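# Descriptive structure summary
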Amino acid sequence: MTFKTVTKKRLLLEEAISQITTFWPNLFPDSKLCPMKVGIQQDMWQEVKGKGLPLARRRLSACLGSIGHHADYRALIQLGAFRYDKDGQIAGVVTQADVEDNLQRLARRNKDK
């Protein structure tokens, strides 16, 4: 009997952005990253289910994970920066707690390298 090791493979940033903009073109206009609102994945999934969009939940999660963990995205998490919803509308701001969480994540990432 053999066992396969399943590893999470991150998508390339460009591929993830392309997939997301297929369904939500206003979130990353011209493929320009912006901070996403907290809970955007749930909002997107509700739309996928409601409209019957051809996007698997795992694929949505993989795309958002690849974007959210990318250094270019992390660099955008600055105090007071606007956060955007799936339709590209302002839906909040980056808080001090968000900045501190981001710095901790970056420190862990750098430690693991």
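Each remark here, short or long, concerns the structure printed above.
As the structure is a computational prediction, the values presented were derived from the model and not from experiment.

The rules behind each value
Counting restarts for each chain, with residues numbered from 1 along the sequence as it is written. Whole-chain, interface and lining totals are the exception, using all residues; otherwise, since this is a predicted model, local features are given only for residues with pLDDT of at least 70 and side-chain atom pairs are given and counted only at 80 or more. Hydrogens and water molecules were not included; the side-chain quantities draw on all heavy atoms of the structure. Here a strand is any run of E in DSSP of at least two residues, a helix any run of H or I of at least four, and the numbering for each starts at the N terminus. Working rule for helices: expected span equals 1.5 Å times residues minus one. Only protein chains enter the calculation, and the probe is 1.4 Å; a residue is then buried if its accessible area is under 20% of its type maximum, exposed if over 50%, and partly exposed in between. It is the directions from the helix axis to the C-beta atoms whose arc is reported. What makes two residues a contact is simply this: any of their non-hydrogen atoms within 4.5 Å. Under this scheme, a helix contributes an axis fitted over its contacting stretch, all axes are lines through C-alpha atoms, and angles between N-to-C directions fall in the 0 to 180 degree range. Each helix crossing is assigned a hand: it is left-handed if the near helix lies turned anticlockwise from the far helix by less than a right angle, otherwise right-handed if that turn is clockwise. As a working rule, the residues Ala, Val, Leu, Ile, Met, Phe, Trp, Tyr, Cys and Pro are called nonpolar, Asp, Glu, Lys and Arg charged, and the rest polar, with Gly in that last group. Two strands are said to pair when DSSP picks up at least two bridges between them. A carboxyl oxygen of Asp or Glu within 4 Å of a side-chain nitrogen of Lys or Arg is what we treat as a salt bridge. The patches described consist of residues with a relative accessible area above 30% and no salt bridge, like charges being joined within 9 Å and nonpolar side chains (Val, Leu, Ile, Met, Phe, Trp, Tyr) within 5 Å. Using the Shrake-Rupley algorithm and a 1.4 Å probe, accessible areas are obtained, with residue cover drawn only from the displayed protein chains.

### Digging into helix H5 (residues 96-112)
With 17 residues, H5 ought to run about 24 Å at 1.5 Å a step, and its terminal C-alpha atoms sit 25 Å apart, in line with that. Listed as buried for H5 are Asp98, Val99 and Asn102. Relative to the axis of H5, the buried residues are bounded by an arc of 95° and lie together on one face. Residues of H5 that are exposed and point over 90 degrees away from its buried face: Ala97, Leu103, Lys111 and Asp112. Looking at the buried residues of H5, the elements they touch are helix H4 (71-74), strand E1 (82-84) and strand E2 (90-93).

### What about the environment of Ala91?
By the element assignment, Ala91 lies in strand E2. Separated by 48 residues in sequence, Ala91 and Asp43 place their C-alpha atoms 12 Å apart. Once you skip the residues sitting within four places of it in the chain, Ala91 turns out to touch Lys37, Arg83, Tyr84 and Asp85.

### Observations concerning the packing of helix H2 (residues 40-51) against helix H3 (residues 57-69)
Each pair of packed helices can be described by the angle between their axes along with the distance between the axes. Where H2 meets H3, the axes come as close as 11 Å, and the angle between the chain directions of the two elements is 150°. Here H2 and H3 pass one another in a crossing that is right-handed. The residues of H3 that touch H2, namely those facing Ile40, Gln41, Met44 and Trp45, are Arg57, Leu60, Ser61 and Leu64. Per-class residue counts for the contact of H2 with H3 are 5 nonpolar, 2 polar and 1 charged.

### With respect to the pairing of E2
The pairing of E1 with E2 spans 2 bridges and is classified as antiparallel. Across the sheet, residue Phe82 finds its bridge partner in E2, namely Val93. The antiparallel pairing of E1 with E2 creates a hairpin that spans 5 residues between the two strands, and Gly88 there sits at a positive phi of about 80°.

### Some words on the pattern of salt bridges
Tallied over the full model, the rule gives 7 salt bridges. Sharing partners across several salt bridges, the network here consists of Glu47, Lys51, Lys86 and Asp87.

### Some remarks on a nonpolar patch on the surface
Nonpolar side chains collect at one region of the surface, where Phe82, Ile90 and Val93 lie side by side and expose about 280 Å² of accessible area between them. Locating Phe82 in the fold gives a position in strand E1.

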